[in-house]
Amino acid sequence: MRIVPVRPPSSAAGFLRRRSSLPIWADLTWRVGLVFGLIGLVLLIHWVGRDGLKDNLDGRISFVDVLYFTTVTVTTVGYGDIVPVSPEARLFEALLVTPIRLFVWLIFLGTAYNLFFRNILYRWRMARIQADLHNHIVVTGFGTSGAEAVRELLARGVDPREIVVVDPVEKALAEAEALGCNILCGDSTRDRTLNDVAIHRARTLIVSAGRDDTSILITLTARHLAPRLPISIVVRNEDNELPARQAGATTVINPVSFAGLLLAGSTSGQHIADYMSDLAASGGQVKLNERFVLPEEIGQPLSAIATGLGVRIYRDGRAIGFWEEGAARLQTGDLIIEIVQGAAAGEARSLP
């Protein structure tokens, strides 16, 4: 999580764990077989060239002596009771046995790391990352929509360490990790996966699994783990918008329908679609901002706010337009939607 973190994990540093395509027993079998194969090769050559060896105990070299000398030489540097004396034997020990000895030790150490130490290290790093996850954004699915959402969040100034990307595809996770996000390779429809990313402490959840049925199942899973979590979900079929809301989504976005709205708006004016796209992006000249009413604004009309152009109020769950009577007097707890200056406008203003 970072978490594979995430980066610091794979975590915060960015850790991407990848399961071997071989089961553990097969992985161990080929490693052990390789070790015995190397020992067998050295044993064979030692036996063939046994005339180049000297036994300091009895002066005779038997097969048992060769087997003993092979095992202690491959695993250690020997004890000196049997030594190579001919130039050929010494060259063999120096040029072949020594690399084999090092290789065998690397196999042992690699096996120990893969089976024990790596899991311990990953669990420790994952626990550290999980402890730091508070008020973060979880993105399940790093396809076209999910990736664009993350890039837009980063463009709006969100710290990548506050974003956790969950996806079963390692290639997608590598792209998210390159952006500095925390990552976790897993199935977001499972309780364990969402618990691993501390979903109960998240600020919001973005669901873009690529399939409507999978996205809705992720929403159901997240909702029962975090009853008050804001959940935004992408669905491609308008028939699934209602099931998505029933599953617990607070915001349902249909990119196909939104594209249709832009196309329809463009028929009434060539700049309408352009302005709507400008509002949705952080890099345009204008953008939408959502905030609570300020104490000094209470009692004033929506049109009097100084931070931007007020266009809508949300009061007790009801949307109030700027033209409606309810917008004539702001109240405590009102949520204001306003149009404010975008980044592009500021850059344009700074140009000579």
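Data block above holds the structure.
Rules behind the numbers
Residues numbered from 1 in each chain as written. Predicted model: local features only at pLDDT ≥ 70, side-chain atom pairs only at ≥ 80, totals over all residues. Heavy atoms only, no water. Pairing = 2+ DSSP bridges. Helix = DSSP H or I, 4+ residues; strand = E, 2+ residues; numbered from the N terminus. Axes fitted to C-alpha atoms, helices over the stretch in contact; angles between N-to-C directions. Contact = heavy atoms within 4.5 Å. Buried < 20%, exposed > 50% of the residue type's maximum accessible area, 1.4 Å probe, protein only. Polar contact = N/O pair within 3.5 Å; in protein donor to acceptor, adjacent residues only side chain to side chain. Salt bridge = Lys/Arg side-chain N within 4 Å of Asp/Glu carboxyl O.

Enquirer: Describe the sheet that holds strand S9 (residues 286-292), listing the residues and the values that go with them.
Expert: The strand order across the open sheet built from 4 strands is S9-S12-S10-S11, with neighbouring strands paired in antiparallel fashion. In the strand order of this sheet, the two ends are held by S9 and strand S11 (318-321), each with one partner. The mean angle between the axes of side-by-side strands here comes to 25°, regardless of whether they run parallel or antiparallel. For S9 and strand S12 (residues 335-341), the ladder comprises 7 bridges, and the chain directions are antiparallel. Across the sheet, Asn 289 pairs through a bridge with Glu 338, a residue of S12. Lying over the sheet, helix H10 (residues 272-280) contacts S9 and S12, oriented at roughly 45° with respect to S9.

Enquirer: Provide a residue-level description of the side chain of Asp 334, including the pertinent values.
Expert: Tracing the chain through its elements places Asp 334 in the loop between S11 and S12. For Asp 334, a relative accessible area of 1% gives the class buried. Side chain to side chain, Asp 334 and Arg 315 meet in a polar contact 2.7 Å long. Ignoring any residue separated from it by four or fewer positions in sequence, one finds Asp 334 in contact with Arg 291, Phe 292, Val 293, Ile 313, Tyr 314, Arg 315 and Arg 329.

Enquirer: Please give an account of the pattern of salt bridges that cites residues and values.
Expert: Tallied over the entire structure, the rule returns 7 salt bridges. Across the salt bridge formed by Arg 156 and Glu 152, the nearest N and O atoms sit 3.0 Å from each other. Between Arg 203 and Glu 162 there is a salt bridge; the shortest N-O distance is 2.8 Å. With a gap of 41 residues between them, Arg 203 in the loop between helix H6 (191-196) and strand S6 (204-207) and Glu 162 in the loop between helix H4 (144-155) and strand S4 (163-167) connect regions that are remote in the sequence. Among the residues examined, Glu 162 registers a relative accessible area of 31% and is labelled partly exposed. Among the charged side chains, a network of salt bridges with common partners joins Arg 291, Glu 297 and Glu 338.

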